[in-house]
Amino acid sequence: MASPARIPADRLRDFASAVYAAAGMPEPEAYLAADTLVQADLWGHQSHGVMRLSWYTARLKARVCAPAAQPETVVDAGGLAVIDGHDGMGQVLTAHAMREAIRRAKLHGVSAVALRNSGHFGTALYFTLMAAHAGCVAFLATNASPAMAPWGGRTKTVGTNPWSWACPAGAHAPMALDIANTGVARGKVYLAKQKGQPIPDGWALDAAGRPTTDPAAAIDGIILPMAQHKGYAIALMMDMLSGVLTGSAFGPRVTGPYQTEHRSGAGQLMIAIDIAQIQPLPEFNARMDQLIAELKAVPLAQGFEEVFYPGEIEARNDARNRAEGLALPDDTLADLRRLAGEAGIPFGW
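In what follows, the accompanying structure is described. (Residues numbered from 1 in each chain as written. Predicted model: local features only at pLDDT ≥ 70, side-chain atom pairs only at ≥ 80, totals over all residues. Heavy atoms only, no water.)

## Looking at the overall build of the chain
Part 1 of the argument: A count of helices and strands for the chain gives 11 helices and 12 strands.
Part 2 of the argument: For the chain, whose C-alpha radius of gyration is 20 Å, the value lies close to the compact-globule estimate of 20 Å for 349 residues.
Part 3 of the argument: Split into buried and exposed, the 349 residues of the chain put 53% on the buried side.
Part 4 of the argument: Counting contacts in the chain only where the partners sit at least 6 residues apart, residues at least 24 apart contribute 68% of the total.
Part 5 of the argument: For the chain, the accessible surface area stands at approximately 15,300 Å², while carbon and sulfur atoms represent 58% of it. (Helix = DSSP H or I, 4+ residues; strand = E, 2+ residues; numbered from the N terminus. Rg over C-alpha atoms; globule rule 2.2 N^0.38 Å. Buried < 20%, exposed > 50% of the residue type's maximum accessible area, 1.4 Å probe, protein only. Contact = heavy atoms within 4.5 Å. Areas by Shrake-Rupley, 256 points an atom, 1.4 Å probe, with all protein chains shown as cover.)

What follows is the structure, encoded as structure tokens:
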């Protein structure tokens, strides 16, 4: 159940930033990491929002994640770069790498930046949108800790391994996609557990391989891939790009943000394309306006009120939640109150 009180996004971001700073993060990096969480809540994705603040903070305190990120460029080949993150915060490292991808795309037309020894970064959308706002088309792949079994198996060795695309969309908010390769992001299972709610049929199997609607049993068991074998295959290719190719950890060697015993080992690969070096940006934007207009002109199927393009719902949620404030689940508020006490930070809005 959500609290009736709505929290201004900037106040929540300042609070999360203070919690991170108390755990040793430099203030600019703490602010960025906090902003990624609050932005997820603004988009309506509470599974990746401030609910995760305690997870990341625990990893900082355990020193399996370095509070001060020290990204090092270990390969510099013009449009191609490899960055070693040295186990810093995934959000900070990925933002750094995406800025580098944008810079190199502006110089070379297209760039690819591989990031190794990084960490979990929350929503991939946050980072591909950086490129979209800079006039680029961007792709980002990451790997994650095991959540599903290879198709035909029953031991989880494959991560959700999300990926994202984003680009400008003319007069509209950017067109943007951010999806995991499981039928549902694992964070949504954790959110259901926190709320004490069952999960839908078809999301997961328990440890014995039986279908379950119990989120705790799902976490101990296996999250099912989207589109059956297709989701598994896409996830595996994302692990190849993010882990094997970048020189980072892959498969069962990647550790998630939910525990504090091991370094993450997650890797990311990002590609940026400078649109203006293919066609004038105003022309691209006009063509995107046409594409979206044609989508929205399609006759509606029964039970639907509107056709959306990817990223549109998030943009609308963002505008509404910035105006009205954020309503957080009671369990999330209790977790934030506990963090405030541990860090000696005032709690209240």
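After presenting the structure, the write-up continues.
## Some words on the pairing of strand E2 (residues 80-84)
Part 1 of the argument: Burial runs high along E2: four of the five residues are buried.
Part 2 of the argument: Both strand E1 (residues 72-77) and E2 contribute to a ladder of five bridges, which runs antiparallel. Bridging from a neighbouring strand, threonine 73 pairs with isoleucine 83 of E2.
Part 3 of the argument: Between E1 and E2, which pair antiparallel one after the other, the connecting turn spans two residues, and glycine 78 there sits at a positive phi close to 70°.
Part 4 of the argument: Here E2 runs beside strand E3 (residues 110-116); their pairing, made up of five bridges, is parallel. Within E3, the residue paired with alanine 81 across the bridge is valine 113.
Part 5 of the argument: Following the backbone out of E2, through helix H4 (residues 90-108) and into the adjacent parallel E3, one traces a crossover that is right-handed. (Pairing = 2+ DSSP bridges. Right-handed = clockwise from strand over helix to strand, strands pointing away.)

## Observations concerning the packing of helix H2 (residues 27-43) against helix H5 (residues 125-133)
Part 1 of the argument: With their axes 10 Å apart at the nearest point, H2 and H5 run at an angle of 95° to one another. By the angle class used here, H2 and H5 are roughly perpendicular. Contacts between H2 and H5 pair Leu32, Asp35, Thr36, Gln39 and Trp43 from the former with Leu125, Tyr126, Phe127 and Leu129 from the latter.
Part 2 of the argument: Classifying every residue of the contact of H2 with H5 by side-chain character gives six nonpolar, two polar and one charged. (Axes fitted to C-alpha atoms, helices over the stretch in contact; angles between N-to-C directions. Parallel < 35°, antiparallel > 145°, perpendicular 65-115°, else oblique. Nonpolar A, V, L, I, M, F, W, Y, C, P; charged D, E, K, R; others polar.)

## Focus on the sheet that holds strand E7 (residues 163-169)
Part 1 of the argument: Strand order in the open sheet formed by seven strands is E1-E2-E3-E12-E4-E7-E8, and the pairing between neighbours is mixed. With partners counted over all chains shown, the strands left at the sheet margins are E1 and strand E8 (172-179), one partner each. Looking at each pair of strands side by side, their axes are set apart by 15° on average, direction ignored.
Part 2 of the argument: Summarising the sheet, strand E4 (residues 136-142) and strand E12 (residues 268-274) pair through seven bridges and their orientation is antiparallel. By the bridge assignment, threonine 142 is partnered in E12 with glutamine 268.

## Brief notes about the sheet that holds strand E10 (residues 211-212)
Part 1 of the argument: Taken in spatial order, the three strands make up an open sheet running E10-E9-E11, and their pairing is antiparallel. Each end of this open sheet is capped by a strand with a single partner; those strands are E10 and strand E11 (222-223).
Part 2 of the argument: Where strand E9 (residues 204-205) meets E10, two bridges bridge the pair, whose relative direction is antiparallel. Counterpart to leucine 205 in the pairing with E10 is proline 211.

## Concerning the nonpolar core
Part 1 of the argument: Counting residues in hydrophobic clusters, the biggest one holds 58 residues, and the most contacted among them are Leu12, Tyr20, Met25, Leu53, Met89, Met98 and Leu336.
Part 2 of the argument: When residues no more than four places from it in sequence are discounted, the contact partners of leucine 336 are Leu12, Phe15, Val50, Leu53, Leu328 and Phe347. (Core = buried A, V, L, I, M, F, W, Y, C linked by side-chain atoms within 4.5 Å.)

## Considering the side chain of asparagine 143
Part 1 of the argument: In this structure, asparagine 143 sits in the loop between E4 and strand E5 (146-148).
Part 2 of the argument: Separated by 2.9 Å, the side chain of asparagine 143 and the backbone nitrogen of glycine 267 make a polar contact.
Part 3 of the argument: Every residue in contact with asparagine 143, bar those within four places of it in the chain, is listed here: Asn161, Asp239, Ser242, Gly243, Ala249, Phe250, Val254, Ala266 and Gly267. (Polar contact = N/O pair within 3.5 Å; in protein donor to acceptor, adjacent residues only side chain to side chain.)

## Comments concerning the environment of alanine 69
Part 1 of the argument: Relative to the helices and strands, alanine 69 resides in the loop between helix H3 (53-62) and E1.
Part 2 of the argument: Residue alanine 69 is classed as buried on the basis of its relative accessible area, which comes to 13%.
Part 3 of the argument: For the pair alanine 69 and aspartate 330, spaced 261 residues apart in the sequence, the C-alpha separation amounts to 32 Å.
Part 4 of the argument: If we skip the residues at most four places from it in the chain, alanine 69 touches Glu29, Gly88, Val92 and Leu93.

## Notes on H3
Part 1 of the argument: Burial analysis of H3 places seven of its 10 residues in the buried class, which makes it a mostly covered element.
Part 2 of the argument: Within H3, the full set of buried residues consists of Leu53, Ser54, Trp55, Tyr56, Thr57, Arg59 and Leu60.
Part 3 of the argument: Packed against the buried residues of H3 are helix H1 (9-22), H2, H4, helix H6 (186-195) and helix H11 (330-343).
Part 4 of the argument: One or two residues past the end of H3 sits arginine 63, with phi positive at roughly 65°.

## Re the side chain of glutamate 314
Part 1 of the argument: Relative to the helices and strands, glutamate 314 resides in helix H10 (residues 312-324).
Part 2 of the argument: As a buried residue without a salt bridge, glutamate 314 has its nearest oppositely charged side chain in lysine 188, at a separation of 8.2 Å.
Part 3 of the argument: When residues no more than four places from it in sequence are discounted, the contact partners of glutamate 314 are Trp43, His45 and Leu125. (Lys, Arg positive; Asp, Glu negative; His and termini not counted. Salt bridge = Lys/Arg side-chain N within 4 Å of Asp/Glu carboxyl O.)

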